[in-house]
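Single-letter residue listing:
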Amino acid sequence: MLFPSLRPGVTRTALEIDSTDDGMPTVLWAGPVGAGHDPSGHAPLVPNGPGMPLLGEQSHGLFTRPQLRGFRIDPVHGTTGAAWTPRLLADSIDADDARLVVSSHDPAAGLFVVVEIETLTGGALRARAAVTNTGEGRYVVEGLELCLPVSDQLTELLDFTGRHERERTAQRHQVTDGLWLRESRAGRPGLESATQLILGQPGFSFGHGEVLGVHVAWSGNTVMRVERSPALGTTVGGGELLLPGEMSLDTGESYTSPWVMFAAATDGLDGLAASWHAFQRASPAHPDLQPVVLNVWEAVYFDHDLGRLKQIADRAHRVGVERFVLDDGWFRHRRDDTAGLGDWYVDEGVWPDGLAPIVDHVRELGMEFGLWFEPEMINPDSDLYRAHPDWVLSPGDRLPLLHRNQLVLDLTRPDAFDYVLERMDDVLSSYAISFVKWDHNRELLEAGSGLRGGAAAVHEQTLAYYRLLDTLRSRHPGVAWESCAAGGGRIDLGVLERAQRVWTSDMTDALARQEIQRWTLQLVAPEYAGAHVSSPVSHSTWRSLYLDFRAATALFGAFGIEWDLTQATEEDLDRLASWVDRFKRFRPLLHSGRMIRPESSDPAVLLHGVVAADRGEALVGHFQLDESAHNRGVWVRVPGLEPDASYDLSWEGPVVDIATSMSAAPPADGPTAGQPVSGYALGVQGFWMPRGRPEFASLVHVRRIRP
Ligand code: DGJ
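Residues numbered from 1 in each chain as written. Predicted model: local features only at pLDDT ≥ 70, side-chain atom pairs only at ≥ 80, totals over all residues. Heavy atoms only, no water.

Colleague: How would you sum up the overall build of the protein chain? Please name residues and give values.
Modeller: Summing up its helical and strand segments, the protein chain has 11 helices and 41 strands in all. Radius of gyration (C-alpha) of the protein chain: 27 Å, near the 27 Å computed for a compact globule of 707 residues. Dimensions of the protein chain, computed from C-alpha atoms along their principal axes, come out at roughly 85 × 70 × 40 Å. The contacts of the protein chain with a sequence gap of at least 6 include a subset with a gap of at least 24, amounting to 71%. (Helix = DSSP H or I, 4+ residues; strand = E, 2+ residues; numbered from the N terminus. Rg over C-alpha atoms; globule rule 2.2 N^0.38 Å. Contact = heavy atoms within 4.5 Å.)

What follows is the structure, encoded as structure tokens:
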């Protein structure tokens, strides 16, 4: 059986399933199907593959990492450790084109397990499982992971690592026999997050090759895995990483895993990204329109002064900003990062009249007002901590190490949860706030709860975070939410069910940001990925970059500004305003089209673009990162246009101007000198771009010529 059934011409992720015996169905294969397939009379794609039971079990002779791991503590018989090797019998398999549900049980182990798999807009699948303890005594769940076997053609693995200001650094290696495990144990996906594991055919690229990506839609601890067994081939999957003792079920209790997402494409990483983006764009939480933001963090840091902030707001308004965001530093005792977290009252010293003077000023200028919170954190130097030193996550007998002078508030405690909810609710109700930047600057280290004698509480804390955010969302439906964690440390599809924006990275140097941004967009649609034009000299690297380069980089994300505009020259303000205007003109295309990252034959050049969903236009950026080693220029392919249609190409914004006597200047009337080009030619050969100045970006607007 193929799930979902084939549809001609539609590429989607599918599973070939065999359910001929009484055990869990066997998944023979998972991968992309559809385009080019004829659904009529289709024979099994994999008539005789080894496959993998839906939850790999040792009872079927598997020695791979079990997907359901746990054991029973049975007080009646005084035993610990039974039920560790279940043999699940399928009770029912219900499938339609959108959903596959397998219910199963193991009477001896006292377990009832349901696996659900759903098809998603954009062609991806998501799977989750729930285990219920139906036996005597407690059942301790150590792990419940969802995995799929993939084609043995997929032998290369791409995933990510990183650090502060360098999130989502891609790494690639061969899939070899054994287990590749990416664990995230810091209570949030993290700056070093693997984010997704992508398996592909050898040499897969942005535009070519079969690929299959897996992602765990969960904002707490996660595990992602690729395992190749000498006998069974390769499986890929993941789930929540459960800490010791964290999930112990009493009789009748259940644990449900997070959704594990699988997306496959036949046309490389861009096809895979398109599948993730389509899913996000169909989400009820997707932003209708992403306003141009100005965030004052790098402009003023903790130095909040009404007069100066008003001046920044005036200039923000002048350049066309739509949302002004007041960052860290507005609440009691928060004069630097050593104090105040938890004291969510407007600081009476810095803001004697409350936030109204700045909120009103911003709104009178016609902009939305946004405010920063870090709700899950507490400084030991805070009134909150002095009143409730027991409200922090800790293993019980000692405090975890401080990081950025802060600890994590135990939101699994109803009293702590209610306090933060009441404080945020009060601030959001007191002012016309349209946006919250929700930060999370430190990891959950030794995160136990005093309510449970110091037992690990990351799972409960993650649920409490979702509950807090969901409660605030329902009380303040007009507020948009940004997920930030010391930059891009909490970016996952669990938080994107709730948030409308993510802060991609604290790296605001546009050159260093190129890779961070393009790889973040491998999962996240560009309209979510906050990308700010920073000051001429980067606060991250102290490098100076041209305004045009900084702005062109921000253009391909959720455009914003992070710059003290009181220090900008009049000329800079005019130029910035023209970029804001350009972003607004192209926003409908940039935030609905298909992202393309054409391969560049020159390592000093990075190419990035977006093709409209109706193929009527595209905007393509040529980013000259460094000096080229040659003078050949690059050919820029634009895949995804209508092959038979003609397109006109024109410069958009500043035009590359080579000042060397040895190289040809680009034609003034567009890269093809005003000559129309077919969509076919643009897809297979592309247009030519000369070598540019280092740290210079050129934009090309491709438009279908209507007959
Ligand atoms: C880390 C964030 O990434 C920054 O943008 C800023 O909001 C600071 N925290 C504030 O403390």
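Colleague: For the sheet that holds strand E30 (residues 480–483), give the residues involved together with the corresponding values.
Modeller: On the basis of which strands lie adjacent, the closed barrel formed by 8 strands has the order E22-E23-E24-E27-E30-E31-E32-E33 and parallel pairing. Averaged over all pairs of adjacent strands, the angle between strand axes in this sheet comes to 30 degrees, irrespective of strand direction. Relative to strand E33 (residues 558–562), strand E22 (residues 293–295) runs parallel, the two sharing 2 bridges. Paired with valine 293 across the strands is glycine 560, a residue of E33. Against the sheet, helix H4 (residues 356–364) contacts strand E23 (323–326) and strand E24 (368–373), and its axis sits at roughly 140 degrees relative to E24. On top of the sheet, helix H10 (residues 570–590) reaches strand E32 (529–534) and E33; it is set at about 160 degrees to E33, its chief contact. (Pairing = 2+ DSSP bridges. Axes fitted to C-alpha atoms, helices over the stretch in contact; angles between N-to-C directions.)

Colleague: Can you tell me about the nonpolar core, naming the residues and giving the values?
Modeller: In terms of nonpolar packing, the biggest core is built from 175 residues, with Val131, Phe324, Trp330, Leu355, Phe559 and Ile561 touching the most fellow members. Leave out the neighbours within four places in its chain, and phenylalanine 324 touches Leu294, Val296, Leu309, Ile312, Ala313, Ile358, Val362, Met367, Glu368, Phe369 and Gly370. (Core = buried A, V, L, I, M, F, W, Y, C linked by side-chain atoms within 4.5 Å. Buried < 20%, exposed > 50% of the residue type's maximum accessible area, 1.4 Å probe, protein only.)

Colleague: Please set out the sheet that holds strand E38 (residues 646–652) residue by residue, giving values where relevant.
Modeller: Ordered by their spatial adjacency, 6 strands build an open sheet running E34-E35-E36-E41-E38-E39, and the pairing between neighbours is antiparallel. Whereas interior strands pair on both sides, the edge strands pair on one side only; in this sheet they are strand E34 (594–596) and strand E39 (677–678). Where strand E35 (residues 605–611) meets strand E36 (residues 617–624), 7 bridges bridge the pair, whose relative direction is antiparallel. Residue leucine 606 lies in a different strand from E36, and its bridge partner there is phenylalanine 623. Lying over the sheet, H10 contacts E35, E36, E38 and strand E41 (696–704), oriented at roughly 125 degrees with respect to E36.

Colleague: Give me the site of the ligand: which residues, what numbers.
Modeller: Lining the immediate environment of the ligand, one finds 13 residues, of which Asp327, Asp328, Lys437, Asp439 and Asp506 sit closest. Side-chain polar atom of aspartate 439 to a nitrogen atom of the ligand: 2.7 Å apart, as the coordinates give it. Between the ligand and the protein, one listed contact pairs an oxygen atom with a side-chain N or O atom of tryptophan 503 at 3.4 Å. Against a free-state accessible area of 290 Å², the protein chains account for coverage of 98% of the ligand. Its residues assigned to classes, the shell around the ligand shows 5 nonpolar, 2 polar and 6 charged. (Near = heavy atom within 4 Å. Polar contact = N/O pair within 3.5 Å; in protein donor to acceptor, adjacent residues only side chain to side chain. Areas by Shrake-Rupley, 256 points an atom, 1.4 Å probe, with all protein chains shown as cover. Nonpolar A, V, L, I, M, F, W, Y, C, P; charged D, E, K, R; others polar.)

Colleague: Can you break down the packing of aromatic side chains residue by residue, with the values?
Modeller: One pass over the full model with this rule turns up 20 aromatic pairs. Between the aromatic rings of phenylalanine 324 and phenylalanine 369, the centroid separation amounts to 6.4 Å while the plane-to-plane angle is 25 degrees, which identifies the pairing as stacked. Of the two residues, phenylalanine 324 is situated in strand E23 and phenylalanine 369 in strand E24; the sequence distance between them amounts to 45 residues. In terms of burial, phenylalanine 324 and phenylalanine 369 fall into one category: buried. Taking the centre distance of 6.0 Å and the plane angle of 40 degrees together, the rings of tryptophan 330 and tryptophan 344 count as tilted. Taken together, the residues tryptophan 330 in the loop between E23 and H4 and tryptophan 344 in the loop between E23 and H4 connect sequence positions 14 residues apart. In this pair, the class of tryptophan 330 matches that of tryptophan 344, namely buried. Three or more aromatic residues joined by ring pairs form one cluster here, namely Trp218, Trp438, Tyr465, Tyr466 and Trp481. Looking at arginine 498, its charged tip hangs above the ring of tyrosine 466, at a distance of 3.7 Å from the centre. One cation-aromatic arrangement involves arginine 550 over tryptophan 563; the distance from NZ or CZ to the ring centre is 4.8 Å. (Phe/Tyr/Trp six-rings, centres within 6.5 Å; stacked < 30°, edge-to-face > 60°. Lys NZ or Arg CZ within 6 Å of the ring centre and 35° of its normal.)

Colleague: Talk me through the packing of helix H6 (residues 414–430) against helix H7 (residues 458–475); I want residue IDs and the actual numbers.
Modeller: Contact geometry for H6 and H7: axes closest at 11 Å, N-to-C directions at 30 degrees. Taken together, the axes of H6 and H7 lie roughly parallel to each other. Two packed elements cross with a definite hand, and for H6 against H7 that hand is right-handed. On H7, the residues that touch Phe417, Val420, Leu421, Met424, Asp425 and Leu428 of H6 are Ala464, Arg467, Leu468, Thr471, Leu472 and Arg475. (Parallel < 35°, antiparallel > 145°, perpendicular 65-115°, else oblique. Left-handed = near helix turned anticlockwise from the far one by under 90°.)

Colleague: Residue-level account of H4, with values.
Modeller: Note on helix geometry: an α-helix contains 3.6 residues per turn, so any two residues three or four positions apart are oriented the same way. Ile358, Val359, His361 and Val362 are the residues of H4 that are buried. Along the long axis of H4, the arc covered by the buried residues comes to 165 degrees, so they all point the same way. Residues of H4 that are buried in the fold lie against helix H3 (306–319), E23 and E24. Just beyond H4, the residue with positive phi is glycine 366, at close to 90 degrees. (Arc of directions from axis to C-beta.)

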